[in-house]
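Each chain, letter by letter, is given below.
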Amino acid sequence: MGESSATEFISTGLKSTVTAYAEESGFDLVRVASAQEFVDDRKLALDRIKDGLMDGLPWFNNSRVLRGTTPQELLPGARSIICLGLNYFEDGQDFPESSAPTGKLARYAWGRDYHKVIKRRMRVYVEGLRKKLGNEFSARWYVDDGPMLDRAAASRSGVGWFGKNGNILTSNLGSWVFLGQVITDLELEPDQPLKQTCGNCVRCIDACPTGAIVAPYVIDNARCISYLTIENRGEIPLALRPQIGDWIFGCDICQDVCPVNRKVTPTPTLWQGDDAGGSQTDGQSHKLPTGQVSDAPPSGPIATLDLVELLKMTEEEFRQRFRGSPILRAKRVGLQRNACVALGNKGDPLSVPALRQALFAGEALVRGHAAWALGRIGVTEAKLALEQARADERDEAVLQEIAQALKSFGRSYRGGSSKRRTESSL
Ligand code: B12
Ligand code: SF4
Ligand code: SF4
């Protein structure tokens, strides 16, 4: 199509072509926002950093926020932002059950790494749109992987509204949606933000076990289980370990309790095989190019992991087992640290041998958390393992964890090989 006919097309049905094609390309939600600077969101985000509420994420800094709230910097000539949402809700009812002690994964990590799946879907969408419009428009797209504040864009476009748990809620799909944006120099009429609010509801704030929702709409990153179990590369603060329960990768509590999420029905397209593009109609565009290997994990979607198996995993087994899964992000040592915390919270004496092994053979971070877990389980075998490790251990931080764990026996230990301590080891 030549330049003049492209312009003509733009003035008539451009927006409906853009949005209808997004739906055809497998996106559940599509709305358009203007590409004006995000002035208010910028201030809120900068304040969040200043107040220490983004502590633990050094990459989330002022210059990132300045860039991410200035679409012109991300794409010179930007005029519009096509805001996309993709539902990932799966109820997990058909998943196999395990009799072994297991740890929970946040729903978004039950299947393949959504970054890859959605990025590919977005690229195919933009390429297809260029062909459809006959117009080499400029575009840049993100899903969680750029400086743009994904939720601010979604809110401006009316894809959804901010919930007090910080997440974007949508009318039909709740907050179980990944958010992406295509910034473009196409001139598209913007949609309006929605008027919905949470009203008087505060369920998520009350339910958050670590008190991470410090005020409506405000999350303290360093208290959020999602941060503690995924992004955090160091130790989990002692005071927060008991509250983590058996979450080993992310946390869904503030979404599980949300009434807006109650009516969402499963849409498992994201979990199946190569990205077939959801409702794509040409049957071709979303297939992987010939010869490209799928990044789907070797096993199907799964909501929990066997904790003892995790503790025993080698680096190679970890990479193989979680290939193509977002779980890789936590790294093996991080996941094993989390497994120790979950086992400590479960308090099952049968997990003592595995924790004992981790106490002697794991990396320092894992050894320290294994010591904590053994102290919390509090049976004779756990105490013996800790005493033996105290004699062999050289790492100062681990020695401190061991000393702390042994102290907790002094406080409440009642002996016997299967008697569980009831008191917290804090
Ligand atoms: C850093 C980050 C995290 C950090 C920090 C979380 C945080 N609150 O910022 C950690 C690791 C903890 C995290 C956790 C999770 N994350 Co995250 N995360 C991000 C990331 C990379 C940046 C978020 C950000 O900019 N934070 C900075 C603060 C300032 O932003 P904000 O909290 O949205 O602040 C706004 C509101 O507070 C609002 N606001 C302030 N006051 C008021 C007052 C009123 C009345 C209103 C209406 C609004 C309002 O304005 C602020 C500025 O826009 C985005 C991807 C991206 N590039 O945007 C994903 C993203 C936000 N995460 C996502 C997900 C899925 C999660 C988890 C659910 C994963 C899980 N199950 O474990 C949890 C949810 C935790 C929670 N309750 O927020 C999705 C959210 C999807 C959705 N539907 O909202 C995103 C958008 C990724 C994506 N593209 O899909 N995440
Ligand atoms: S994800 Fe979990 S820890 Fe984080 S704010 Fe929500 S309920 Fe709290
Ligand atoms: S639980 Fe209630 S307050 Fe929290 S996000 Fe959902 S509707 Fe809003």
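The rules we used
- Every chain is numbered on its own, with residues counted from 1 as its sequence reads.
- Starting at A for chains and at 1 for ligands, labels are handed out in the order in which the entities are written.
- Totals for whole chains, interfaces and linings use every residue, but because this is a predicted model, local features are given only for residues with pLDDT of at least 70 and side-chain atom pairs only at 80 or more, for both listing and counting.
- All residues are tested the same way: a C-beta atom is placed from the backbone, and lying within 6 Å of a molecule or strand makes the residue near it.
- Under the DSSP-based scheme used, a helix requires at least four consecutive residues in state H or I and a strand at least two consecutive residues in state E, with every element numbered from the N terminus.
- Under this grouping Gly is polar, as are all residues other than the nonpolar Ala, Val, Leu, Ile, Met, Phe, Trp, Tyr, Cys and Pro and the charged Asp, Glu, Lys and Arg.
- A strand pair is defined by DSSP finding two or more bridges across the two strands.
- Interaxial angles span 0 to 180 degrees and are taken between N-to-C directions of axes, which are lines fitted to C-alpha atoms, for helices over the stretch in contact.
- Think of it this way: build a C-beta for each residue from its backbone, and any pair within 7 Å is a contact.
- Three classes are used. A residue is buried when 20 or more other C-beta atoms lie within 10 Å of its own, exposed when 12 or fewer do, and partly exposed in between, with C-beta atoms placed from the backbone.
- When buried Ala, Val, Leu, Ile, Met, Phe, Trp, Tyr and Cys residues are joined through C-beta atoms within 7 Å, the set is termed a nonpolar core.
- The handedness criterion is simple: a crossing whose near helix is rotated anticlockwise from the far helix by less than a right angle is left-handed, and one whose near helix is rotated clockwise is right-handed.
- What a helix should span is 1.5 Å times the count of its residues minus one.
- By arc we mean the arc of the directions from the helix axis to the C-beta atoms, nothing more.

A closer look at the site of ligand 2
- Taken together, Asn165, Cys208, Thr210, Ala212, Ile213, Ile219, Cys224, Ile225, Ser226, Cys251, Ile253 and Cys254 form the complete shell of residues around ligand 2.
- Taken together, the elements giving at least two residues each to the shell around ligand 2 come down to α8 (225-231) and α10 (253-256).
- Residue composition of the shell around ligand 2, by class: nine nonpolar, three polar and no charged.

Thoughts on the site of ligand 1
- In the vicinity of ligand 1, 36 residues are found, and the nearest of them are Ala106, Asp150, Gly166, Ser226 and Gly250.
- Taken together, the elements giving at least two residues each to the shell around ligand 1 come down to α2 (39-50), α6 (150-157), β7 (177-184), β9 (218-219) and α8.
- In terms of residue count, the dominant contributor to the shell around ligand 1 is α2 (four residues).

Notes on the sheet that holds strand β4 (residues 139-142)
- If you walk across this open sheet you meet the four strands as β1-β2-β7-β4, and the pairing is antiparallel. The open sheet has two edge strands, β1 (29-34) and β4, and neither has a second partner. The mean inter-strand angle of the sheet, taken between neighbouring strand axes irrespective of direction, is 20 degrees.
- Relative to β7, helix α5 (residues 114-133) is tilted by about 35 degrees, and along the sheet it contacts β2 (80-87), β4 and β7.
- In the packing of α6 onto the sheet, the strands contacted are β1, β2 and β7, and the crossing angle to β2 comes to about 100 degrees.

Here we look at unusual backbone geometry
- Despite not being glycine, Tyr217 has its phi angle at roughly 75 degrees, a positive value.
- Considering the arrangement of structural elements, one finds Tyr217 in the loop between β8 (213-215) and β9.
- A count of 14 C-beta atoms within 10 Å places Tyr217 in the partly exposed class.
- Residue Lys331 is not a glycine yet carries a positive backbone phi of 65 degrees.
- Here Lys331 falls in the partly exposed class, since 14 other C-beta atoms lie within 10 Å of it.

Things to note about the environment of Pro101
- Among the structural elements, Pro101 can be located in the loop between β2 and β3 (102-105).
- As for Pro101 and Asp348, which are separated by 247 residues in sequence, their C-alpha atoms are 8.4 Å apart.
- Those residues within four positions of Pro101 in sequence are excluded, and the remaining contacts are Leu307, Val308, Leu343, Lys346, Asp348 and Ser351.

Remarks on the nonpolar core
- Judged by nonpolar contacts, the single largest core of 111 residues is most densely connected at Cys340, Leu355, Ala371 and Leu374.
- At eight residues, the largest contribution of residues to this core is made by helix α15 (residues 364-377).
- Non-local contacts of Leu355, meaning those with residues more than four positions away in its chain, are made with Cys340, Leu343, Ala370, Ala373 and Leu374.

Focus: the packing of α15 against helix α16 (residues 380-392)
- Relative to each other, α15 and α16 sit at 145 degrees, their axes nearing to 8 Å. The handedness of the crossing between α15 and α16 is left-handed. Residue-level inspection shows Ala371, Leu374, Gly375 and Ile377 of α15 in contact with α16, the latter providing Ala382, Ala385, Leu386 and Ala389.
- The residue inventory of the contact of α15 with α16, partitioned by class, reads seven nonpolar, one polar and no charged.

Regarding α16
- Taking 1.5 Å as the rise per residue, α16 with 13 residues should run 18 Å; its terminal C-alpha atoms sit 19 Å apart, in good agreement.
- Three or more residues of α16 are buried, namely Ala382, Ala385, Leu386 and Ala389. Across the axial projection of α16, the buried residues extend over an arc of 100 degrees, all falling on one side. In α16, the exposed residues that point more than 90 degrees away from the buried face are Glu387 and Ala391.

Bear in mind that shape data such as this cannot, by itself, settle questions of function.
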